[in-house]
Amino acid sequence: MKPTPASPHLVMCAATWSMIGFPSPRREWSLDRKLTAIKAAGFDGVCAYITPELKASADQLGLRLMSGFDARSVAEALPRLRAQRDLGVRFINIQLLNHDTPPAQAARVAVQLIRESRTLGLCVHIETHRDTSTETPEKFDEIARGYRWATGELLPVTWDHSHFASRNT
């Protein structure tokens, strides 16, 4: 069945950070060359903190935009959320707080951050990521339960299983 505009479909985005120093630190590709390679590889979009320069190049290539950044507080994140929205971004991946943030506090911040992002017309997702409040499955689970208790909803998540800390027992 061919997807219609209203039907859900998977949008594959490549992250510009994966091309830092490529093909070598002394001969790193320009942003335009990186985006051209992303398009040529068949990706639908690009994931990065979107700048006017990146947006202009992505628009020329027909690449969709997804953003992401660290958020140490709601107050710090709000201007960045507005800036990304104003550049046409809708989906934003957030790496939430620090590894030593208590999960109950992280859940409260996630509730506030997602509530504020929705008033801006954005879809914010919390990433499972090392050195953040979600760095282990146990911490993430507690944050997700706190979010659900406060909102009645599942926590919007970007699952990055490569970042979960693990230990041998």
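Just above sits the structure.
These lines cover the structure that appears in this document, whether it is placed above or below. Starting afresh in each chain, residues are numbered from 1 along the sequence in its written order. Per-residue local features of the predicted model are confined to residues with pLDDT of at least 70, and side-chain atom pairs are confined, for both listing and counting, to 80 or more; whole-chain, interface and lining totals are unaffected and use all residues. Working from all heavy atoms in the structure, the side-chain values ignore hydrogens and water.

### Considering the packing of aromatic side chains
Note the threshold: Here is the rule: rings of Phe, Tyr and Trp (six-membered ring for Trp) pair when centre to centre is within 6.5 Å. Planes less than 30 degrees apart are stacked, more than 60 are edge-to-face, and the remainder are tilted. Helix and strand assignments follow DSSP, with helices taken as H or I runs no shorter than four residues and strands as E runs no shorter than two, numbered in order from the N terminus. Throughout this description, buried means an accessible area under 20% of the type-specific maximum (1.4 Å probe, protein chains only), exposed means over 50%, and partly exposed covers the range between.
Enumeration according to the criterion identifies three aromatic pairs in this entry. Centre to centre, the rings of phenylalanine 22 and tryptophan 29 are 4.9 Å apart; their planes meet at 85 degrees, and the pair counts as edge-to-face. Consider the rings of tyrosine 49 and phenylalanine 69, whose centres lie 5.8 Å apart with planes at 80 degrees: the pair is edge-to-face. In this pair, tyrosine 49 sits in the loop between strand 2 (45–47) and helix 2 (52–61) while phenylalanine 69 sits in strand 3 (residues 64–71), placing the two residues 20 residues apart along the sequence. Looking at tyrosine 49, the relative accessible area reads 30%, which means it is partly exposed.

### With respect to unusual backbone geometry
The omega torsion of the bond from phenylalanine 22 to proline 23 falls at 5 degrees, within 30 degrees of zero and hence cis. Assignment of secondary structure puts proline 23 in the loop between strand 1 (13–15) and helix 1 (31–40). The phi torsion at aspartate 131 lies on the positive side, around 60 degrees, for a residue other than glycine. Owing to a relative accessible area of 47%, aspartate 131 belongs among the partly exposed residues under this scheme.

### Some thoughts on the nonpolar core
Definition in use: Among the buried residues, those of types Ala, Val, Leu, Ile, Met, Phe, Trp, Tyr and Cys that are joined through side-chain atoms within 4.5 Å form a nonpolar core.
Within the largest apolar cluster, 41 residues are counted, with the highest numbers of intra-cluster contacts made by Leu81, Ile94, Leu96, Leu113 and Leu155. Secondary-structure elements contributing two or more residues to this core are helix 1, helix 2, strand 3, helix 3 (74–86), strand 4 (91–96), helix 4 (103–119), strand 5 (123–127) and helix 5 (137–151). Considering every element that reaches this core, the biggest residue donor is helix 4, with seven residues.

### Considerations on the state of the cysteines
By definition, a disulfide links two cysteine residues through a covalent bond between their sulfur atoms. Our working definition: Two cysteine sulfur atoms make up a disulfide if the distance between them is within 2.5 Å.
For the structure shown, the criterion picks out zero disulfides. Not part of a disulfide, cysteine 13 finds its nearest cysteine sulfur in cysteine 47, a span of 6.5 Å.

### A look at the side chain of glutamine 95
Here is the rule we go by: N or O atoms within 3.5 Å of each other form a polar contact, as long as, within protein, one can give a hydrogen and the other can take it, and as long as residues adjacent in sequence are counted only when both atoms are side-chain atoms.
By the secondary structure assignment, glutamine 95 is in strand 4. Polar contacts involving the side chain of glutamine 95 include one to the side chain of glutamate 127, which spans 3.1 Å.

Keep in mind these numbers describe shape, not what the thing actually does.
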